[in-house]
Amino acid sequence: GEQVEQLPSILRVQEGSSASINCTYENSASNYFPWYKQEPGENPKLIIDIRSNMERKQTQGLIVLLDKKAKRFSLHITDTQPGDSAMYFCAANPGSFNKLTFGAGTRLAVCP
Amino acid sequence: EAGVTQSPRYAVLQEGQAVSFWCDPISGHDTLYWYQQPRDQGPQLLVYFRDEAVIDNSQLPSDRFSAVRPKGTNSTLKIQSAKQGDTATYLCASSFLWGVFFGKGTRLTVV
């Protein structure tokens, strides 16, 4: 199996600043690490992911870093906007079939 | 491309009642998942299928929960004799190779 710890649980930032969320995992066999954004009443939406053969991935204001030695991965949102306010979940997959184990979530609030 | 479709969107039950949730995955996705998401928590996997076969149902409370995917397309999750602790959003998701995509879920309240 897998255990994923996600911190912080609540994050408040000023509009235009950066936000960072950190996750750690236990199973060294985990090879796929997606991030989801979930707005109230909506489904979790995949926003970026990284596989174990990469250390960094960037797309549209999002950066994901993966440190396999430390079993740690992180999401960085640059130039935050009020529309970035939501719950964010990290996840890890320890094997085949994308059997994801999720972190407990981070509630991000971007203040004007 | 249509996303994962679930119904109903909401359900309110008394304890002891039964309920079924239905899921239509993204066309061509061979793997289908059911997750339970309690309020303000991350999704927790209940069961998943590849085509019509159950791959892992070890997290299903088996005495009251059951799930089927008889033709490897749509799926049904059923709760017999619901309890207040079952109150949560039930999310269906599907995947093919990389990427897991979620439906909007069914928000279940057991009173």
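So, how was this worked out
Residues numbered from 1 in each chain as written. Chains lettered and ligands numbered in written order. Predicted model: local features only at pLDDT ≥ 70, side-chain atom pairs only at ≥ 80, totals over all residues. Heavy atoms only, no water. Pairing = 2+ DSSP bridges. Helix = DSSP H or I, 4+ residues; strand = E, 2+ residues; numbered from the N terminus. Axes fitted to C-alpha atoms, helices over the stretch in contact; angles between N-to-C directions. Disulfide = S-S within 2.5 Å. Buried < 20%, exposed > 50% of the residue type's maximum accessible area, 1.4 Å probe, protein only. 1 Å grid on protein atoms, 1.4 Å probe; cavity = no way out; pocket = protein on both sides within 12 Å on 5 of 7 lines; lining within 4 Å. Points joined across faces, edges and corners; volume = space filled by probe spheres on them. Nonpolar A, V, L, I, M, F, W, Y, C, P; charged D, E, K, R; others polar.

Student: What am I meant to see in the sheet that holds strand S8 (residues 75-79) of chain B here?
Tutor: Strand pairing in a sheet takes place through backbone hydrogen bonds and is either antiparallel or parallel in direction. Residues and elements named next belong to chain B. Spatially, the four strands line up as an open sheet ordered S1-S3-S8-S7, and their pairing is antiparallel. Pairing within the sheet leaves two strands with one partner each, and these edge strands are strand S1 (5-7) and strand S7 (65-68). Along the sheet, successive strands turn relative to each other by an average axial angle of 15°, direction set aside. Bridge count between S1 and strand S3 (residues 19-24): three bridges; the pairing is antiparallel. Across the sheet, Gln6 pairs through a bridge with Cys23, a residue of S3.

Student: Help me understand the state of the cysteines, please; the structure alone is not making it clear to me.
Tutor: The full count for this structure, using the stated rule, is two disulfides over all chains. Between the sulfur atoms of Cys23(A) and its disulfide mate Cys90(A) the distance is 2.0 Å. Disulfide Cys23(A)-Cys90(A): the torsion about the S-S bond is -100°, which places it as left-handed. With Cys23(A) in strand S3 (residues 19-25) and Cys90(A) in strand S9 (residues 86-92), the pair connects residues that are 67 residues apart, well separated along the chain. For the pair formed by Cys23(A) and Cys90(A), the shared burial category is buried. Each sulfur in the disulfide pair Cys23(B) and Cys92(B) lies 1.9 Å from the other.

Student: Help me understand the layout of surface pockets in this model?
Tutor: Unfilled space is identified by rolling a water-sized probe across the atoms. The volume enclosed by the largest pocket comes to roughly 560 Å³. Among the elements of the structure, S9 and strand S11 (106-111) of chain A together with strand S9 (88-95) and strand S11 (106-110) of chain B are those that each provide at least two residues to the lining of the largest pocket. Considering only residue class, the lining of the largest pocket consists of nine nonpolar, nine polar and eight charged. Considering only enclosed or pocket space, the second largest pocket measures out at about 440 Å³ in volume. Broken down by secondary-structure element, the contributors of at least two residues to the lining of the second largest pocket are strand S10 (101-102) of chain A together with strand S5 (44-50) of chain B. Counting residues per element, the lining of the second largest pocket draws most heavily on S5(B), at three residues. Its residues placed into classes, the lining of the second largest pocket shows seven nonpolar, 10 polar and two charged.

Coordinates in, geometry out; function isn't part of it.
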